[in-house]
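# Residue-level structure breakdown
Single-letter residue listing:
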Amino acid sequence: RKYPELVLDKALDREEQPELRLIVTAMDGGSPPRTGTSQILILILDINDNAPEFAQRLYEVQVPENSPIGSLVITVSARDLDAGTHGELSYSFFQSSNQVIQAFEINTVTGEIRLKKVLDFEDIQSYRMEIEASDGGGLSGKCTIAIEVMDVNDNAPELTMSLLISDIPENSPETVVAIFRISDPDSGDNGKMICSIQDHLPFLLIPTVENFYTLVTEESLNRETRAQYNITITVTDFGTPRLKTEHSITVLISDVNDNAPAFTQTFYTLFVRENNSPALHIGSVSATDRDAGTNAQVTYSLLPPQDPHLPLASLVSINADNGHLFALRSLDYEALQAFEFRVGATDRGSPALSSEALVRLVVVDDNDNSPFVLYPLQNGSAPCTELVPRAAEAGYLVTKVVAVDGDSGQNAWLSYQLLKATEPGLFGVWAHNGEVRTARLLSERDAAKHRLVVLVKDNGEPPLSATVTLHVLLVDGFSQPYLPLPEAAPAQAQADSLTVYLVIALASVSSLFLLSVLLFVAVRLCRRNRAASAGRCSVPGDHFPGHLLDVNGTGTLSQNYQYEFYLAGSSETSQFKFLKPIFPNF
């Protein structure tokens, strides 16, 4: 036996290759040689040969002095390539001062550094500390953190008013309105200030001595343009963030009646639902007068309508004091959908001034009309019967229910559904167009007479509906005699035996007559064959042109139908094709 030894040739590094797989082969000296193999798996065990390393050697961060306690300052992060406990890191302060320990705390697991107390820029402007990351094997790495405390502008400017005149006569330019002083206890840019008022005002701010300002009128003030001015004096410093102080004053101007009332809108659109209750408040109009006192008191009124046929006085009224509009009677959308009228506003000055606005009242439709069925007619007379051949395919159009709704919008959207049927599942109604179609193939087992009740419903709230009754007769062909309606069946079932005898006698007489006619025709054909023995009757090879036959309801059919009949030269029998019924176009 031989015992091979596997010897390590060079140092291994688990971080580069955590395991090795080898195949050892043993070969004998025979001919041919025989071999044997064995797999060897070598797992490389980790030792603590990698010290923790931080992502940065130096971290720099700025913290505002007004940051709350517990605020996150920075998160440091280190990496150790070892595994297991050798790769588990713990963060801590390294030889930090008492100021650092009192102001900050560090999470030993995540490396988050947070505030333990509120920082004060006036006390300490910056902090510098070292953070140590240690693994479970005794190795460690370090980084430095430089924290700069940022100054915060925490003092707003102050304004001290020395003189204020709130009542200024009009047509008096360069009149002194106010004198005031501004100040800020902060220093540097935080203590520098700027003073301003709103734009587009006829006033000026004039700086006099240091931090003193005078507010004067820029031009002659006109009461007709503006009755009073609300002036806001804003003092802003240059700190970060900027702080400001606002001081508002009101300047009044004397009044004369030279402004007419002005409506808030020149055109109003109001909506009212039909069938409203009388005296219903439907909306309001509003006008304002820039004058003061009695010159600004406004009275509202309805102006005569431009349409002489519009009974405005019986439709709406207006409250003269507040401009509220009321509907005097119940409105009907189907009779009157919208109308327009004018409203006037007059002040009580001397002389009185007035203005007007146009109001459009739109009546909103309500679902107050049930669907009306146009076809089939439901007038109490003999009901309409639809004929359907038993050979009809599934989806065959039987008839179409046509209905209308006097409302508008979604109130007039109609849907159809089959409410009742003699044999459920045989017929179906399309919900959107009212077409009645067969749901499956017809069979001999299906009853010949069917009664369908179709529900027509609108989309209003609440929905209104109507029903229509259809009678459907299944026939084998349109030459079949017209069958009686379902309502006539009970009467015929009660016929007496005398009627039966009469029918039998009539059938016998008809049979004898038909036999006589056939004999007569046979005799005539025999004579014609003898006379035309040399001749022969032939049929053309081409098809006869098709034609349409319009039966106007005089036979056994109750409606107008179209048929196509043609005889082919290559066929011994004629072909009869059934087409759709002709409905009137509503």
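Residues numbered from 1 in each chain as written. Predicted model: local features only at pLDDT ≥ 70, side-chain atom pairs only at ≥ 80, totals over all residues. Heavy atoms only, no water.

## Overview of the overall build of the protein chain
Going by this rule: Per the convention used, a helix needs a DSSP run of H or I reaching at least four residues, while a strand needs a run of E reaching at least two, with both numbered from the N terminus. Buried, partly exposed and exposed residues are distinguished by accessible area as a fraction of the type maximum, computed with a 1.4 Å probe on protein chains only: under 20%, between the cut-offs, and over 50%, respectively. In what follows, residue pairs with any heavy atoms lying within 4.5 Å of each other are defined as contacts. Residue exposure ignores everything except the shown protein chains as possible cover, and the areas themselves are Shrake-Rupley values with a 1.4 Å probe.
Counting its regular elements, the protein chain contains three helices and 39 strands. Relative to its full complement of 586 residues, the protein chain shows a buried share of 31%. Counting only contacts in the protein chain whose residues sit at least 6 apart along the sequence, the fraction spanning at least 24 positions is 64%. When the accessible surface of the protein chain is split by element, carbon and sulfur atoms take 54% of a total near 36400 Å².

## Some remarks on the sheet that holds strand β18 (residues 244-252)
Short version of the rule: A pair of strands is labelled paired if DSSP reports no fewer than 2 bridges between them. Helix axes are fitted to C-alpha atoms over the stretch in contact, other axes to C-alpha atoms as well, and angles between N-to-C directions run from 0 to 180 degrees.
Taken together, the three strands give an open sheet; going across it, the order is β14-β17-β18, and neighbouring strands pair in antiparallel fashion. Of all the strands in the sheet, just β14 (193-196) and β18 have a single pairing partner and so form its edges. Averaged over all pairs of adjacent strands, the angle between strand axes in this sheet comes to 15°, irrespective of strand direction. When strand β17 (residues 228-237) meets β18, the two strands line up antiparallel, connected through nine bridges. When the bridges of β18 are listed, Y229 appears paired with V251.

## Quick notes on the sheet that holds strand β21 (residues 280-284)
Pairing within the open sheet is antiparallel, and its three strands lie in the order β21-β25-β24. Pairing within the sheet leaves two strands with one partner each, and these edge strands are β21 and β24 (316-318). On average, each strand axis in the sheet is inclined to that of its neighbour by 30°, with strand direction left out of account. Pairing between β24 and strand β25 (residues 324-327): three bridges, direction antiparallel. The residue of β25 that forms the bridge with V316 is A327.

## Quick look at the environment of G36
Inspection of the secondary structure assignment puts G36 in strand β2 (residues 35-43). Sequence-distant contacts of G36, that is, excluding residues within four places in its chain, are made with V24, T25 and A26.

## Section: the confidence of the model for the protein chain
Cut-off, in case you're wondering: pLDDT expresses how confident the predictor is about each individual residue, on a scale running from 0 to 100.
Here the protein chain averages 82 in pLDDT, while 86% of its residues score no lower than 70. Confidence drops under a pLDDT of 50 for residues 479-495, and excluding neighbours within four residues, the segment shows 17 contacts in the predicted structure.

## A short note on unusual backbone geometry
Omega for the peptide link from S350 to P351 comes to 0°, which places this bond in the cis form. Assignment of secondary structure puts P351 in the loop between β26 (338-347) and β27 (354-364). Along the chain, Y375 connects to P376 via a cis peptide bond; the corresponding omega equals -5°. For P376, the position within the fold is in the loop between β28 (372-375) and β29 (385-389). Even without being a glycine, N275 presents a positive backbone phi close to 60°. The residue A279 is not glycine, and still its phi comes out positive at about 65°. With respect to the helices and strands, the residue A279 is situated in the loop between β20 (267-273) and β21. Looking at A279, the relative accessible area reads 55%, which means it is exposed.

## Focus on the pattern of salt bridges
Stated formally: Every case where a carboxyl oxygen of Asp or Glu lies within 4 Å of a side-chain nitrogen of Lys or Arg is listed as a salt bridge.
The final tally for this structure, using the stated rule, is twelve salt bridges. Note that K142 is salt-bridged to E132, the shortest N-O span being 3.6 Å. Of this pair, K142 sits in strand β11 (residues 140-150) while E132 sits in strand β10 (residues 126-134), and the two are ten residues apart along the sequence. For K142, a relative accessible area of 28% gives the class partly exposed. Classification of E132 as buried rests on a relative accessible area of 16%.

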